[in-house]
Amino acid sequence: GVCFSDLVGVTFFRLHESTEEEPHILLECDSSMLDSIQKHLKLYKIRRKVDITPCLDLSLWAVIPGEQAGDTASSLPKCPDQALLFTPDPRTEVMGWRLIAKKGANLSEIIPGSQVGNVQDYHRHRYKQGIPEGVKDLPPGVALPLESNLAYMNGISFTKGCYIGQELTARTHHMGVIRKRLLPVTFPAPLPTDSIPEGAEILTESGKPAGKFRAGGGQLGIALLRLAHIHESLCLNLGGDKVKLSANTPEWWPKTAAK
């Protein structure tokens, strides 16, 4: 019964292994939304014996496979020591695995042979793959689930009911009329991201509106674009200055996705 539209971008992990165990659900969310999500969930608690508590003693890691031969799921431990949770990223295989452990845990001990990168490495990888995450990519009250490709990332149920927006979402999905989608975009040179306003307009070469920029870093980003224009020359309008960019359809999408 939780409001669907308000929890776009939240990832759920089930910690209990059977229905006979006491249920434990772990939620991963944008840290800036922690307080508002707690308040939202408590609205739906309604006399049920449910504890909703932030897990401030845990840390989240993204384990992304390398490009060398042998960097596959079979080469990783099924349940490494020190890990509360180690599971394939539920969104798509190209995002590797999600690892949740106690704060201060040594990642090289949990996964021998791994190299610790930084958060910018992670964002570059997901922007390259067109994976939205957090409130910048998925603005609350603005992002639509189908346009955000959540149907491709195990983010929408078309059999469960009911949630706010269910009828419109299901009808749009089955009719196949989706004119805009989040897509990875590439710039010829690194952008000063701090000077790009949220929702900056993207235009075609002839000046037609093609979409809006959501977020990015360096030469990569993610944008909500009209599918009719993604193969045209595009530019980002920055206060009168135009910066060229190109869009592409991710390889992990279903083959019929961009139609």
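Looking up the protein in an unreviewed UniProt entry gives the name CAF17 C-terminal domain-containing protein, with the organism given as Acanthisitta chloris. The Subcellular location (unreviewed entry) comment attached to the protein in UniProt states, word for word, "Mitochondrion".

Asks: Which residues make up the nonpolar core, and what are the values?
Replies: Ranked by size, the top nonpolar core spans 29 residues in total, and within it Val185, Ile202, Phe213, Leu225 and Leu236 carry the most contacts. Counting only elements with at least two residues in this core, the list comes to strand S6 (180–186), strand S8 (209–217), strand S9 (220–226), strand S10 (234–238) and strand S11 (241–247). No other element matches S10, which puts 3 residues into this core. With near-sequence residues (within four places) excluded, Leu236 lies in contact with Phe187, Leu191, Ile196, Ala200, Glu201, Ile202, Phe213, Asp241, Lys242, Val243 and Leu245. Ranked by size, the runner-up nonpolar core spans 10 residues in total, among them Val63, Phe86, Trp97 and Leu107.

Asks: Hey, could you go over the packing of aromatic side chains for me, with residue numbers and the actual values?
Replies: Aromatic ring pairs are described here by two measures, namely the spacing of the ring centres and the angle between the planes. This model, assessed by the stated rule, comprises 2 aromatic pairs. A centroid spacing of 5.9 Å and a plane angle of 70° characterise the contact between Phe187 and Phe213, whose relative ring orientation is edge-to-face. Within this pair, whereas Phe187 is found in the loop between S6 and strand S7 (201–204), its partner Phe213 is found in strand S8, the two being separated by 26 residues in sequence. Comparing Phe187 with Phe213 shows no difference in burial state: the two are buried. Directly above the ring of Tyr127 sits Arg126, whose terminal nitrogen or CZ lies 4.6 Å from the centroid. Positioned above the aromatic ring of Trp253, the side-chain terminus of Arg181 is 5.8 Å from the ring centre.

Asks: Mind laying out helix H3 (residues 119–129), listing which residues take part and the relevant values?
Replies: Buried residues of H3: Tyr122, His125, Arg126, Tyr127 and Gln129, and no others. Backbone nitrogen of Gln120 and a side-chain oxygen of the N-cap are separated by 3.1 Å at the start of H3; the cap is Asn118. Backbone geometry just after H3 places Gly130 at a positive phi near 75°.

Asks: Please set out the sheet that holds S11 residue by residue, giving values where relevant.
Replies: Taken together, 6 strands build a closed barrel; the order of strands is S6-S9-S8-S7-S10-S11 and the barrel is antiparallel. Across this sheet, the average inter-strand angle for adjacent strands is 45°, counted without regard to direction. Relative to S8, S7 runs antiparallel, the two being bridged by 3 bridges. Across the sheet, residue Glu201 finds its bridge partner in S8, namely Lys212. Set on the sheet, H3 makes contact with S6, S8 and S9; between it and S9 the angle comes to about 30°.

Basis of the calculations
Residues numbered from 1 in each chain as written. Predicted model: local features only at pLDDT ≥ 70, side-chain atom pairs only at ≥ 80, totals over all residues. Heavy atoms only, no water. UniProt positions renumbered as here; feature names shortened; annotations may be inferred. Core = buried A, V, L, I, M, F, W, Y, C linked by side-chain atoms within 4.5 Å. Buried < 20%, exposed > 50% of the residue type's maximum accessible area, 1.4 Å probe, protein only. Helix = DSSP H or I, 4+ residues; strand = E, 2+ residues; numbered from the N terminus. Contact = heavy atoms within 4.5 Å. Phe/Tyr/Trp six-rings, centres within 6.5 Å; stacked < 30°, edge-to-face > 60°. Lys NZ or Arg CZ within 6 Å of the ring centre and 35° of its normal. Polar contact = N/O pair within 3.5 Å; in protein donor to acceptor, adjacent residues only side chain to side chain. Pairing = 2+ DSSP bridges. Axes fitted to C-alpha atoms, helices over the stretch in contact; angles between N-to-C directions.

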